[in-house]
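# Overview (structure and organization)
So you can see what is in the structure, the chains are spelled out below.
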Number of protein chains: 2
Amino acid sequence: MGKTKPTKKPRGRATVRGIAAAAGVSIGSVSSVLNNRHVERRIAPETVEKIRAAAAGLGYLPNISAKRLRSGGKNNVVLALVTSFEAPIPLVNHFIIALRAAMAAGKFPQAEGAFSVMIEMFPAGRLHELPGLLTGDHFNAAILLNTTAEDDAFLNRSPLPYPVVLVNRLIAGYAAVVEAPETGSRAAEILIRAKRRRLAVIHGSPLTQTTRARVNGFMHRGAELLGRPAHEVMAGKLSETAGYDAMRAFLKRGPEIDGLYAVSDALALGAYRALKEHGLKIPSDVAVVGVGDYEISPFFDPPLTSVGVSHQALAEEASRLLLQQLGGVGAARPTVTVPLTETLRASSGHRAG
Amino acid sequence: MGKTKPTKKPRGRATVRGIAAAAGVSIGSVSSVLNNRHVERRIAPETVEKIRAAAAGLGYLPNISAKRLRSGGKNNVVLALVTSFEAPIPLVNHFIIALRAAMAAGKFPQAEGAFSVMIEMFPAGRLHELPGLLTGDHFNAAILLNTTAEDDAFLNRSPLPYPVVLVNRLIAGYAAVVEAPETGSRAAEILIRAKRRRLAVIHGSPLTQTTRARVNGFMHRGAELLGRPAHEVMAGKLSETAGYDAMRAFLKRGPEIDGLYAVSDALALGAYRALKEHGLKIPSDVAVVGVGDYEISPFFDPPLTSVGVSHQALAEEASRLLLQQLGGVGAARPTVTVPLTETLRASSGHRAG
DNA sequence: ATCAGATGCTAAATCGTTTTTGCAGATCAA
DNA sequence: TTGATCTGCAAAAACGATTTAGCATCTGAT
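Rules and cut-offs
Residues numbered from 1 in each chain as written. Chains lettered and ligands numbered in written order. Predicted model: local features only at pLDDT ≥ 70, side-chain atom pairs only at ≥ 80, totals over all residues. Heavy atoms only, no water. Domains from an automatic or database assignment. Contact = heavy atoms within 4.5 Å. Buried area = accessible area lost by both parts, 1.4 Å probe. Salt bridge = Lys/Arg side-chain N within 4 Å of Asp/Glu carboxyl O. Polar contact = N/O pair within 3.5 Å; in protein donor to acceptor, adjacent residues only side chain to side chain. Least-squares fit on C-alpha atoms with pLDDT ≥ 70 in both. Phe/Tyr/Trp six-rings, centres within 6.5 Å; stacked < 30°, edge-to-face > 60°. Lys NZ or Arg CZ within 6 Å of the ring centre and 35° of its normal. Near = heavy atom within 4 Å. Helix = DSSP H or I, 4+ residues; strand = E, 2+ residues; numbered from the N terminus. Pairing = 2+ DSSP bridges. Axes fitted to C-alpha atoms, helices over the stretch in contact; angles between N-to-C directions. Nonpolar A, V, L, I, M, F, W, Y, C, P; charged D, E, K, R; others polar.

## Some details on the domain arrangement of chain A
All names here are of chain A.
- Annotation of chain A at the domain level lists domain 1 (16–69), domain 2 (78–179 + 313–338) and domain 3 (183–308).
- Using only C-alpha atoms to locate each centre, domain 2 and domain 3 end up separated by 30 Å.
- Domain 2 puts six residues into the contact, and the matching count from domain 3 is six residues.
- Of the roughly 520 Å² buried between domain 2 and domain 3 on both sides combined, carbon and sulfur atoms contribute 27%.
- Three residues stand out in domain 2 for area buried against domain 3, namely Asn168, Arg169 and Glu179, and they jointly supply 73% of the buried area on that side.
- Scanning the region where domain 2 abuts domain 3 turns up one salt bridge.
- Here Glu179 ties to Arg214 by a salt bridge, and the two come within 2.8 Å at their closest N and O atoms.
- Our count for the contact surface shared by domain 2 and domain 3 stands at five residue pairs in polar contact (both at pLDDT 80 or more).

## Notes on the relation of the copies chain B and chain A
- Between chain B and chain A, which share one sequence, the superposing operator has a rotation angle of 180° and an axial displacement of 0.0 Å; the RMSD is 0.1 Å. Between the two chains, the operation in question is that of a two-fold axis.
- In this assembly, 98% of the residues forming the interface of chain B have copies in chain A that are likewise at the interface, indicating an isologous arrangement.

## So, the packing of aromatic side chains
- Taken as a whole and judged by the stated rule, the model has eight aromatic pairs over all chains.
- The side chain of B:Arg273 reaches across the aromatic face of A:Phe299, ending 4.4 Å from its centre.
- Cation over ring: B:Arg273 sits above B:Tyr244, and NZ or CZ is 5.8 Å from the ring centre.

## Things to note about the protein's contact with DNA strand C
- Residues in contact with DNA strand C amount to 29 residues; listed here are only the nearest, A:Thr47, A:Arg70, B:Ser31, B:Tyr60 and B:Arg70.
- Near the protein, within 4 Å, the atoms of DNA strand C are sugar or phosphate in 58% of cases.
- Taking A:Ser29, its side chain carries an N or O atom lying 3.0 Å from a phosphate oxygen of DNA strand C.
- A distance of 3.5 Å is found between a phosphate oxygen of DNA strand C and a side-chain nitrogen or oxygen belonging to B:Lys67.
- At the level of secondary structure, the elements contributing two or more residues to the surface near DNA strand C comprise helix H4 (64–71) of chain A together with helix H1 (16–23), helix H2 (27–34) and helix H4 (64–71) of chain B.
- Here the surface near DNA strand C takes four residues from H2(B), the largest share from any one element.

## Structural notes on the sheet that holds strand E2 (residues 116–122) of chain A
- Strand order in this open sheet of twelve strands is E11(A)-E5(A)-E4(A)-E3(A)-E1(A)-E2(A)-E2(B)-E1(B)-E3(B)-E4(B)-E5(B)-E11(B), and the pairing throughout is mixed. What marks the edges here is a single partner per strand, and that holds for strand E11 (335–338) of chain A together with strand E11 (335–338) of chain B. When the angles between neighbouring strand axes are averaged without regard to direction, this sheet yields 20°.
- Bridge count for strand E1 (residues 78–84) of chain B against strand E3 (residues 141–144) of chain B is four bridges, and the pairing is parallel. Looking at the pairing, B:Val82 lines up with B:Leu144 of E3(B).

## Overview of the interface of chain B and chain A
- The interface of chain B with chain A comprises 56 residues on the first partner and 55 residues on the second.
- Summing the contributions of chain B and of chain A, the shared interface buries around 4,900 Å²; its carbon and sulfur component is 60%.
- Applying the counting criterion to the chain B and chain A interface returns two salt bridges.
- For the pair chain B and chain A, the number of links is eleven residue pairs in polar contact (both at pLDDT 80 or more).
- Those elements that provide at least two residues to the side of chain B that touches chain A are H4, helix H5 (92–104), strand E2 (116–122), helix H9 (240–253) and helix H10 (265–277) of chain B.
- With seven residues, the single largest contributor to the side of chain B that touches chain A is H4(B).
- Of the residues contributing to the side of chain B that touches chain A, the split by class is 30 nonpolar, 15 polar and eleven charged.
- With three bridges connecting them, E2(A) and E2(B) associate as antiparallel partners. Bridge pairing in E2(B) places A:Val117 opposite B:Ile119.

So this is what it looks like as structure tokens:
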């Protein structure tokens, strides 16, 4: 009938072509109607209806890539936050705000301040299955969070063809932002300065690069200063419930402690409850030190002393690093160590901050 | 020289064309080199170097839209989470997980299970400035969170040309997910069942649609059952600090209360501290009810009783609704009310859950 | 009957990229 | 010297959309 071009088979997703074929018009008319330009473009009302019906019938969804390409908007720089499903991302807004701030501050002027942020999530250990990761089809640069050992091995095998910043992970050939390595030892020092001698550390299992560094630093410095090893309390995960369960079991087993280091504030909060239930007072019986990864740790009861890097600092540094690499200053892949913030609060016997 | 085509001016961002012109080769060769296909494509080593140098010199960044368009991957459905900078997004992972689950469950088969998620943030009240919002250039569908009254007015004026789901907001012509309206009244009932008679509610300022509904429901039901109005404690924001400050000032002013409703768990936590500092015990002196928007509220001391909708339920319902609209079942723009979850814990005198 | 202006649509150009095809020149074997 | 094979690259097609230019046909006025 009215076919004007060698019509393609309508396989796959509906496109303007498919609609045009179905309605017996040209793709130009289809586009005009779908963007509500049919008045200026003088499309007849009944044609408009035909096209709308065809689009609805085919379940048309525009191809965003084609739209963006064509309409050539300038904010075509796409940054990605890549994290695993299993890990929470309380950091997301920190990152977006930090990226935006870094852009506004004129790092990476090419983007003209405009960029898009995608979130890509993958099942732990399956980073390699993430579409577009290897081809670079989905984003111009990425911040990688919460990778597992398998993911790290994959990254090590196959370098990604765009700028990447790892957070709390070190892999050769990649830029990274990590917390200062003396977190654990500083925690030990805080407790020891507070006259604690029988120390314990509570951590998750398995240990990550970061939590292992914290535990090791703590154990090492504690043994060094006290000549005696600290107890190790092993929780299943880094959650409150896991911390509570592990701490409860530990206390029931009998060892007496007067100082506790938690490698996450979630564990600290869980331990709080176990300690209180066991009749122990914080800090008079047991002083507690966390890492400050919960924004509400000042409102724990008692407020939690912590030493660690703030999510905000981490996010700012990672953003800076990412844009710097995008700016393309050669092949610099620096590792940036974010300095520690020590916040002394009541949980270690200090005056509430 | 070796110019083969009427070379375009190199204005704007560098493209393969620009690199080709700079290196004196064709764009095909440029593309081959940039994608590390130069071996199979038999590009001479010195040409490879020339192209790499030109690309680096021009600060080349590929246009992601063009890449995706060309390489035609099937996951071209783009969903957006749109929220304001000011509001936290602890919900992000809930939404992504829920969207993924809904996709996997076979809602919206067109996408073949693959889709991308973008996060778009805007300054409160400036939703209308978000690039791509009106044209639909950036995503196929969106979930809108944390809009202000101005933003809502804008949405009301200019209907968006793609499926949208509003969260905790009602605007004519848009699908929405809201919490059940009886949150506030249920909170009042919990406190009154716990034999509390002198009630107060603590809330932020300005009130949002949702928090206003909570406050109104609470006040109304409280007055109805007790024949006496509840006190209103007004905090600046929905933060712990604001809650603490407001509650402290209120207690200092003298009114005695025995039941408190907090329209956010953050306010509840801030109020906890003010109450304790004032020598009041929870729940014996003052029972507290929150809304359950903090995952760690079971680990408050004492654990917080709450009535509200979980972020997870909200996210699941919003995702379902979004995909349903994408599936395009006509122009259905339903408003879905998410049922309440009531969790009785120690803060209202119940046994810890 | 003729021309001007509407009206309604098609065709083509374009966005930036990748891949396929093809062509010229060099190298090699006989 | 003549094919055959290899090298190195250019040209063109394609992805899916939007916009512009242009071509018929119709309407109404003269």
